[in-house]
Amino acid sequence: VTGATELVDRAAEREPRAVARLISLVEGGGAQLREVMAVVSPRTGDAQVIGLTGSPGVGKSTTTSALVAAYRARGCRVGVVAVDPSSPYSGGALLGDRVRMQDHSGDPDVYIRSMASRGHLGGLSRATPQAVRVLDAAGFDVVIIETVGVGQAEVDIAGIADTTLVLLAPGMGDAVQAAKAGILEVADVFVVNKADRDGADAAVRELKQMLSYADRAPGEWTPPIVRTVASAGEGIDGVVDAIASHREWLVSSGKLEERREHRAAAEIEAIALATVRAKFGELHGSTALAALSRRVADGELDAYAAADELVAGLTPA
Ligand SMILES: Nc1nc2c(ncn2[C@@H]2O[C@H](COP(=O)(O)OP(=O)(O)O)[C@@H](O)[C@H]2O)c(=O)[nH]1
Ligand SMILES: [Mg+2]
């Protein structure tokens, strides 16, 4: 097996197969995951991570493709992680996505990866944060994560991305939905796509009104609303500008550091909890647990004290 360092070097030299291999390794979660992450982590921190979420059909994939083209035109290398069970970019489930993304196929400075989502309703893949780190370490200047906005997904993506775009389309009752789902809190930029359709003005008005209700402390970021016709590439420069403005605000306000520390904390917590859970799994049916269970059942020990004993026993040797 090729060493992690060599793979990361090759990925940075724009070898798509090395990038693919690294992401497969982190997705697989096997023994090499740790090795890869140890090599990858010190090389991260330069990529701008953009999250893109919204209901199915609002134009996320079309917008992603247009953004890839816009960033390529600015000389950036762009990685895309598409976490969308309903429309993988490859695998042939949706011809539309495949055709659009073919615009970028053969470009070594664009890497697109579909990942299966964790839940059946969408959301992020377990390995999404690691995949983003791999792309960052491989020298992609911009990493776009596309995910369907269902349930927890928006909140998850806001935890990973530096800038979160929420896409809406006229006539989908999306603004109301957005308010309900708490999307207003996670959106750094609103994109009203399909502005070629009736109802775009109404959607923008509705959004503006909702934003005006939110109390923002002085110096807080106010999400701009950008109109696009992603299928025609219209308004995409406006989205790029809005992302750049948000980025400037993140840096000048110190929020970028704060967000990245929150992200690291969430990542550590998830890994630590998974480790503890795995250790508990090993314990299940163990003699230690059996002995404690007997004492609790007999009323000799309370369950809290027993749990304390068990947790203390989990400390790695
Ligand atoms: N009229 C119109 N159609 C669009 C626009 N953007 C995307 N579409 C179409 O909307 C459909 C869904 O787009 P897609 O990007 O797959 O949406 P996703 O499910 O959010 O990823 C496709 O048929 C697109 O061609 C737009 O700005 N105007
Ligand atoms: Mg899509």
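Residues numbered from 1 in each chain as written. Chains lettered and ligands numbered in written order. Predicted model: local features only at pLDDT ≥ 70, side-chain atom pairs only at ≥ 80, totals over all residues. Heavy atoms only, no water.

Colleague: Help me out: how do you make sense of the pairing of strand S6 (residues 189-192) in this one?
Modeller: Moving residue by residue along a regular strand, the side chains alternate between the two faces of the sheet. On S6, burial covers both faces: Val189 and Val191 on one face and Phe190 and Val192 on the other are all buried. Across four bridges, strand S5 (residues 163-168) lies against S6 in parallel orientation. The residue of S6 that forms the bridge with Leu165 is Val189. Alignment of S6 against strand S7 (residues 225-227), held across three bridges, turns out to be parallel. In the sheet register, Val192 faces S7, and the bridge partner there is Arg227. (Buried < 20%, exposed > 50% of the residue type's maximum accessible area, 1.4 Å probe, protein only. Helix = DSSP H or I, 4+ residues; strand = E, 2+ residues; numbered from the N terminus. Pairing = 2+ DSSP bridges.)

Colleague: Sorry, what's going on with the coordination of the magnesium ion (ligand 2) here?
Modeller: Between any two of four tetrahedral donors, the ideal angle at the metal is 109.5 degrees; between two of six octahedral donors, it is 90 or 180 degrees. Taken together, the protein donors to the magnesium ion (ligand 2) comprise Ser61 (OG) and Glu146 (OE), at separations of 2.1 to 2.5 Å. In this pair, Ser61 sits in helix H4 (residues 60-73) while Glu146 sits in strand S4 (residues 142-148), placing the two residues 85 residues apart along the sequence. On the accessibility criterion, Glu146 (1% relative accessible area) is buried. (Donors = N, O, S within 2.8 Å, 3.2 Å for Na, K, Ca; no water.)

Colleague: Can you help me understand helix H10 (residues 200-213) in this one?
Modeller: Residues lying three or four places apart along an α-helix face the same way, a consequence of the helix completing one turn every 3.6 residues. For H10, with 14 residues, the first-to-last C-alpha span of 20 Å sits near the 20 Å given by 1.5 Å per residue. For H10, the full list of buried residues reads Ala200, Ala203, Val204, Leu207, Met210 and Leu211. Burial along H10 is one-sided: seen end-on, the buried residues are contained in an arc of 130 degrees. Exposed residues pointing more than 90 degrees away from the buried face of H10 are listed as Arg205, Lys208, Ser212 and Tyr213. (Expected span 1.5 Å × (residues − 1). Arc of directions from axis to C-beta.)

Colleague: Would you explain the sheet that holds S5 in this entry?
Modeller: Strand pairing in a sheet takes place through backbone hydrogen bonds and is either antiparallel or parallel in direction. Read across the open sheet, the seven strands follow the order S3-S2-S4-S1-S5-S6-S7; overall the sheet is parallel. The sheet is open, and its two edges are formed by strand S3 (110-115) and S7, each paired on a single side. The mean angle between the axes of side-by-side strands here comes to 20 degrees, regardless of whether they run parallel or antiparallel. One ladder, built from five bridges, connects strand S1 (residues 48-54) with S5; its direction is parallel. (Axes fitted to C-alpha atoms, helices over the stretch in contact; angles between N-to-C directions.)

Colleague: Honestly, helix H12 (residues 255-283) in this entry has me stumped. Any pointers?
Modeller: The end-to-end C-alpha separation of H12 is 41 Å, in line with the 42 Å expected for 29 residues at 1.5 Å each. For H12, the full list of buried residues reads Leu256, Arg260, Arg263, Glu267 and Leu283.

Colleague: Teacher, can you tell me more about the site of ligand 1 here?
Modeller: In the vicinity of ligand 1 lie 18 residues, with Gly57, Lys60, Ser61, Thr62 and Asp196 positioned nearest. Gly57 places a main-chain nitrogen or oxygen 2.8 Å from an oxygen atom of ligand 1. One of the side-chain nitrogen or oxygen atoms of Ser231 is found 3.4 Å away from a nitrogen atom of ligand 1. For ligand 1, the protein covers 77% of the area, taking 580 Å² as the surface of the free molecule. Of all the secondary-structure elements, those providing two or more residues to the shell around ligand 1 are H4 and helix H5 (95-102). Take the shell around ligand 1: its biggest share by element is three residues, from H4. (Near = heavy atom within 4 Å. Polar contact = N/O pair within 3.5 Å; in protein donor to acceptor, adjacent residues only side chain to side chain. Areas by Shrake-Rupley, 256 points an atom, 1.4 Å probe, with all protein chains shown as cover.)

Colleague: Is there a simple way to think about the packing of aromatic side chains in this case?
Modeller: Two descriptors summarise a pair of aromatic rings, namely the distance from one centre to the other and the angle between the planes of the rings. Across all of its chains, the model carries one aromatic pair by this definition. Where Trp221 meets Trp249, the ring centres are 5.9 Å apart and the plane angle is 40 degrees; that geometry is what we call tilted. Within this pair, whereas Trp221 is found in the loop between H10 and S7, its partner Trp249 is found in helix H11 (residues 236-253), the two being separated by 28 residues in sequence. Assigned by exposure class, Trp221 and Trp249 land together as buried. One residue, Arg77, lies across the ring of Phe140, its end atom 4.2 Å from the ring centre. (Phe/Tyr/Trp six-rings, centres within 6.5 Å; stacked < 30°, edge-to-face > 60°. Lys NZ or Arg CZ within 6 Å of the ring centre and 35° of its normal.)

Colleague: What should I look at first to understand the packing of helix H3 (residues 31-40) against helix H6 (residues 128-137) in this one?
Modeller: Packed helices, taken two at a time, are described by their axes: the angle between them and the distance between them. Between H3 and H6, the shortest axis-to-axis distance is 10 Å and the interhelical angle comes to 45 degrees. Overall, the two elements H3 and H6 adopt an arrangement that is oblique. In the crossing of H3 with H6, the sense of the turn from one axis to the other is left-handed. Contacts from Leu33, Val36, Met37 and Val40 in H3 reach Gln130, Arg133, Val134 and Ala137 in H6. Here the residues of the contact of H3 with H6 sort into six nonpolar, one polar and one charged. (Parallel < 35°, antiparallel > 145°, perpendicular 65-115°, else oblique. Left-handed = near helix turned anticlockwise from the far one by under 90°. Contact = heavy atoms within 4.5 Å. Nonpolar A, V, L, I, M, F, W, Y, C, P; charged D, E, K, R; others polar.)

Colleague: Just to check I follow, could you spell out the pattern of salt bridges for this structure?
Modeller: Oppositely charged side chains are able to pair whenever their charged atoms sit close together. For the structure shown, the criterion picks out 18 salt bridges. Residues Glu6 and Arg10 are paired through a salt bridge, measuring 3.5 Å at the closest nitrogen-oxygen approach. Separated by four residues within a single helix, Glu6 and Arg10 lie in helix H1 (residues 4-12), roughly one turn from each other. Note on Glu6: relative accessible area 43%, which makes it partly exposed. When its relative accessible area of 22% is taken as the criterion, Arg10 is described as partly exposed. Across the pair Asp109 and Arg77 runs a salt bridge whose closest N-O atoms are separated by 3.1 Å. (Salt bridge = Lys/Arg side-chain N within 4 Å of Asp/Glu carboxyl O.)

Colleague: What should I look at first to understand the environment of Asp241 in this one?
Modeller: The residue Asp241 is located in helix H11 in this model. For the pair Asp241 and Val226, spaced 15 residues apart in sequence, the C-alpha to C-alpha distance is 9.8 Å.

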